[in-house]
There are 2 protein chains.
Amino acid sequence: MTYCIAASLKEGLVLTSDSRTNAGIDSVGIYSKMHVFDTSADRKIVLLSAGNLATTQAVVEQLRRDIKEQTSSNFDTVHYLSDAAEYVGKISLEKQHLNVEAGQGQSSFNPTATFILAGQIKGERHGAYLIYPEGNFITTSVQTPFLQIGEHKYGKPVLDRFLRIDTPLEEAGRCCLISMNSTIRSNASVGAPVDLLIYRTDSLSLDESYRFSEDNDYLISLRKIWQEKLKEVFEILPHFSKEDSRPLLSDQ
Amino acid sequence: MTYCIAASLKEGLVLTSDSRTNAGIDSVGIYSKMHVFDTSADRKIVLLSAGNLATTQAVVEQLRRDIKEQTSSNFDTVHYLSDAAEYVGKISLEKQHLNVEAGQGQSSFNPTATFILAGQIKGERHGAYLIYPEGNFITTSVQTPFLQIGEHKYGKPVLDRFLRIDTPLEEAGRCCLISMNSTIRSNASVGAPVDLLIYRTDSLSLDESYRFSEDNDYLISLRKIWQEKLKEVFEILPHFSKEDSRPLLSDQ
């Protein structure tokens, strides 16, 4: 399993991903799910990946090859981020279909993959797109400034509460790390190292990039403070009022 | 959809359930999912239900009829809570199978139901059982003192963080309400009124029962304080350290 978040905010982008892959509970590996590409200087494009590892690796490799071999469609030739998303969707569909026939009859075989593409092409605003296994895609809105792929439910409440279009990037980064931490606690198939990228709009630079291992001091202290402070909040929550009590009836 | 929690703690039980049912997004209703039964004075048994509403209603009605008609197996004749769970599993399977044939060919027809049975029979400890659609069941442990049915992921992190076997019942109740609130925020098919029952071990009384409507003052203040205080915690979280930064490489 996987958990990745992309927040597209006023000031720029915040991308977060875990690194655990598993093909069965006894086949666990570590792969970064944040992929960056050697594109020309007028653009920065990052891909987050979830789903079948063979498919996501094949897609990422094809995207890199297309840049290197300067094929007609590639991350360097697209004019808009949405074109880049469409192009990834096309490659993803091709790679998923390659092994479908061979896998028929094996009910557990699932070659699907989901991606988030985020970045900026000079002259255009930064943005993020979630690309479904079918190749179609959606982007963020002012009201819904984030996208998630993989095991998204455990970590969604904290994003719903605190990620707003005008949240400062560092604060959004901490919010994503808390969301990631909640997911890692609740699902053993999501795990560290955690990658975090902060992209400031118009900077065309990917310099603010972090990797946190499981025993990273910062991540440990973040976890600890969050847990302790939440516990303190619990202790001051108001108590129920007798006014709200009512008999439990057997005929309701 | 549905969300129900049962915590089986040292001091007793805490049960929480929502009340929204939906058969499609344009067919939404309000039904309590916390069912109590007119059993003899030496026992209290409560059932929480999730899944197909026709199935859960048929099961609850059959359970009530069996008590009334004093059939050989019913909530009054069982000697152990686990026998009650097994009996509910049997009735549930029967009711699910009734309509399976008629529904074949309709891929969206799903008659399955999941239950939590909780309570106490005099002379035995209180307990809680999660009864799967297949009729088998599991109970809690000291390390895992709670069970969830329905839309369980959004609200699990807060339970994982704070519900312990020795958590006082009122505090556990507030924890379950926060968990319910997070789920209601993130999934439109889970909704108020919220039922909450606190059962003190050996009391054989269901008097501490609450129902909170959507605009209930207590629930609103709980939500508001939780949101505000969490926001304050966010503001004091430590900032990332440059030490953890690393270049994003295109060949990793």
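In this text, all values refer to a predicted model and were calculated from it rather than measured experimentally.

It is worth spelling out the nonpolar core at this point. One finds Leu177(A), Trp226(A), Leu159(B), Leu177(B) and Trp226(B) to be the most contacted residues of the largest nonpolar core, which totals 66 residues. Residues in contact with Leu159(B), not counting those within four places in the same chain, are Tyr3(B), Ile5(B), Phe146(B), Gln148(B), Arg164(B), Cys175(B), Cys176(B) and Ser179(B).

Moving on to the packing of aromatic side chains. For the structure shown, the criterion picks out 20 aromatic pairs over all chains. Relative to Phe234(B), the ring of Phe162(A) has its centre 4.7 Å away and its plane inclined at 55 degrees; by these criteria the two rings are tilted. Taken together, the residues span two chains, with Phe162(A) in helix H4 (residues 156-162) and Phe234(B) in helix H6 (residues 217-236). Taking relative accessible area as the criterion, Phe162(A) reaches 4% and is therefore assigned buried. Between Phe240(A) and Tyr218(B), the ring centres sit 5.7 Å apart and the planes meet at 85 degrees, which makes this aromatic pair edge-to-face. Taken together, the positions of Phe240(A) in the segment after helix H6 (217-236) and Tyr218(B) in helix H6 put the pair across two chains. The class for Tyr218(B) is buried, based on a relative accessible area of 6%.

The subject of this paragraph is the interface of chain B and chain A. Listed as interface residues are 65 residues of chain B and, on the opposing side, 65 residues of chain A. In total, about 6300 Å² of surface goes out of reach between chain B and chain A, with carbon and sulfur atoms giving 59% of it. Area buried by chain B at its contact with chain A is led by Arg161(B), Phe234(B) and Phe240(B), which between them contribute 15% of it. The tally of links between chain B and chain A comes to six salt bridges. For the salt bridge of Glu151(A) with Lys153(B), the shortest nitrogen-to-oxygen distance reads 3.1 Å.

Across chain A, the average pLDDT comes to 92, with 98% of residues at or above 70. Interface confidence for the predicted complex, given as ipTM, is 0.85, next to a pTM of 0.90.

All names here are of chain A. Each neighbour pair has its own omega, and for Ala 192 with Pro 193 the value is -5 degrees, a cis peptide bond. Of note, Pro 193 is situated in the loop between helix H5 (169-186) and strand S11 (194-200). The phi dihedral of Leu 204 is positive, around 50 degrees, even though this residue is not glycine. In this fold, Leu 204 is placed in the loop between S11 and strand S12 (208-212). Judged by relative accessible area, which is 18%, Leu 204 ranks as buried.

Our next topic: the pairing of strand S8 (residues 127-131) of chain B. Residue and element names in this part refer to chain B. Counting buried residues along S8, five of its five residues qualify, which places the element largely inside the surrounding structure. The alternating pattern of S8 places Gly 127, Tyr 129 and Ile 131 on one face and Ala 128 and Leu 130 on the opposite face, and all of these are buried. Across five bridges, the pairing between strand S7 (residues 113-121) and S8 is antiparallel. The partner of Leu 117 across the bridge, within S8, is Tyr 129.

Reading guide: rules and limits
Each chain has its residues counted from 1, running along the sequence as written. For naming, the first written chain is A and the first written ligand is 1, with later ones following in the order written. Only residues with pLDDT of at least 70 get local features here, since the model is predicted, and only at 80 or more are side-chain atom pairs given and counted; chain-wide, interface and lining totals rely on the full set of residues. As a convention, hydrogens and water are excluded, and side-chain values are obtained from all of the structure's heavy atoms. Within this scheme, the nonpolar core is defined by two criteria: the residues are buried Ala, Val, Leu, Ile, Met, Phe, Trp, Tyr or Cys, and they are joined through side-chain atoms within 4.5 Å. To sort residues, take the accessible area from a 1.4 Å probe on protein chains only and compare it with the maximum for the residue type: under 20% means buried, over 50% means exposed, and anything in between is partly exposed. Working rule for contacts: check all heavy atoms of both residues, and any pair within 4.5 Å makes them a contact. Think of it this way: a Phe, Tyr or Trp ring, Trp meaning its six-membered ring, pairs with another when their centres are within 6.5 Å, and the plane angle makes it stacked under 30 degrees, edge-to-face over 60, tilted otherwise. Secondary structure elements follow DSSP: runs of H or I no shorter than four residues count as helices, runs of E no shorter than two count as strands, and numbering proceeds from the N terminus. When two parts are brought into contact, each loses some accessible area as probed by a 1.4 Å sphere; the total of that loss over both is the buried area. Salt-bridge detection follows one rule: a side-chain nitrogen of Lys or Arg within 4 Å of a carboxyl oxygen of Asp or Glu. The predictor reports its confidence for every residue as pLDDT, a score running from 0 up to 100. The rule for pairing is simple: two strands pair if DSSP sees at least two bridges between them.

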